[in-house]
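Here is how the chains run, residue by residue.
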Amino acid sequence: MTENITSVGGGSRSDTGVSALKGRTGAGAPAETRGKTTIADNVVAKIAGMAAREVPGIHNLGGGMARAFGAMRERVPGAGAGVTRGVKVEVGERQTAVDLDVVVEYGVSIVDVAAATRTNVISAVERMTALEVVEVNIAVDDVHLPDEEEEAEPAEGRVR
């Protein structure tokens, strides 16, 4: 039996951007349908970001400014790794849409990388959330050339 997905939130409520998976309740209902599961937009964005980064040929996610701000944010202790950089999602009652800004490696077929990315993102999001992914839009913002320097790695601390 599958759970029903409903949207929670709207307007100025604090739970805006959260989907809920609702099931039947009561003693006669199967255990897996008793209760409600909520999935925040940020969860879908993280799943999509991780799935996109797994695809060979994807160098990075995010446009130029997003990558620059992300590199600075990553250096701040406790700020996180920026898994959702370059990822935007819209989550509805039963469906979700994903927008990705990507940087591809030089020499790869952009069409093939985009197709592989769509397949991987759709598979991961649908498997982990039970939401139907209606579209994955990919904007290729840059091509990473072999001789371009990587983003500067944070220096090791002076004290060990």
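It is possible for side chains bearing opposite charge to pair when their charged atoms get close. Tallied over the entire structure, the rule returns 1 salt bridge. Of the charged contacts, one joins Glu93 and Arg94 as a salt bridge, the two residues approaching to 4.0 Å between their closest N and O atoms.

Helix length check: helix α3 (residues 110-129) (20 residues) gives 28 Å between terminal C-alpha atoms against 28 Å at 1.5 Å per residue, within 8%. For α3, the set of buried residues is Val113, Ala114, Thr117, Val121, Ala124, Val125 and Thr129. What you see down the axis of α3 is that its buried residues fit within an arc of 110 degrees, all on one side. Those residues of α3 that are exposed and aimed more than 90 degrees away from the buried face are Val111, Asp112, Thr119 and Arg127. In the stretch just after α3, Ala130 is the one whose phi turns positive, near 65 degrees.

This part is about empty space enclosed by the protein. Enumeration over the complete set of coordinates arrives at 1 cavity of 30 Å³ or more. In terms of lining residues, the largest cavity is bounded by Ile58, Val102, Val104, Ile110, Val113, Ala114, Thr117, Ile138 and Val140. At 4 residues, α3 tops the list of elements feeding residues into the lining of the largest cavity. Counted by class, the lining of the largest cavity contains 8 nonpolar, 1 polar and no charged residues.

Position of Thr117 among the secondary structure elements: in helix α3. Within the structure, the side chain of Thr117 is placed 2.7 Å from the backbone oxygen of Val113, a separation counted as a polar contact. Those residues within four positions of Thr117 in sequence are excluded, and the remaining contacts are Ala52, Val55, Ile58, Leu100 and Ile138.

Another point: the packing of helix α1 (residues 41-53) against α3. Contact pair α1 / α3: the axes reach a minimum separation of 8 Å and the direction vectors enclose 140 degrees. Classified by the angle their axes make, α1 and α3 are oblique. In the packing of α1 onto α3, the handedness of the crossing is right-handed. Here Val44, Ile47, Ala48, Ala51 and Ala52 of α1 come into contact with α3, specifically with Thr117, Asn120, Val121, Ala124, Val125, Met128 and Thr129.

Reading guide: rules and limits
Residues numbered from 1 in each chain as written. Predicted model: local features only at pLDDT ≥ 70, side-chain atom pairs only at ≥ 80, totals over all residues. Heavy atoms only, no water. Salt bridge = Lys/Arg side-chain N within 4 Å of Asp/Glu carboxyl O. Helix = DSSP H or I, 4+ residues; strand = E, 2+ residues; numbered from the N terminus. Expected span 1.5 Å × (residues − 1). Buried < 20%, exposed > 50% of the residue type's maximum accessible area, 1.4 Å probe, protein only. Arc of directions from axis to C-beta. 1 Å grid on protein atoms, 1.4 Å probe; cavity = no way out; pocket = protein on both sides within 12 Å on 5 of 7 lines; lining within 4 Å. Points joined across faces, edges and corners; volume = space filled by probe spheres on them. Nonpolar A, V, L, I, M, F, W, Y, C, P; charged D, E, K, R; others polar. Polar contact = N/O pair within 3.5 Å; in protein donor to acceptor, adjacent residues only side chain to side chain. Contact = heavy atoms within 4.5 Å. Axes fitted to C-alpha atoms, helices over the stretch in contact; angles between N-to-C directions. Parallel < 35°, antiparallel > 145°, perpendicular 65-115°, else oblique. Left-handed = near helix turned anticlockwise from the far one by under 90°.

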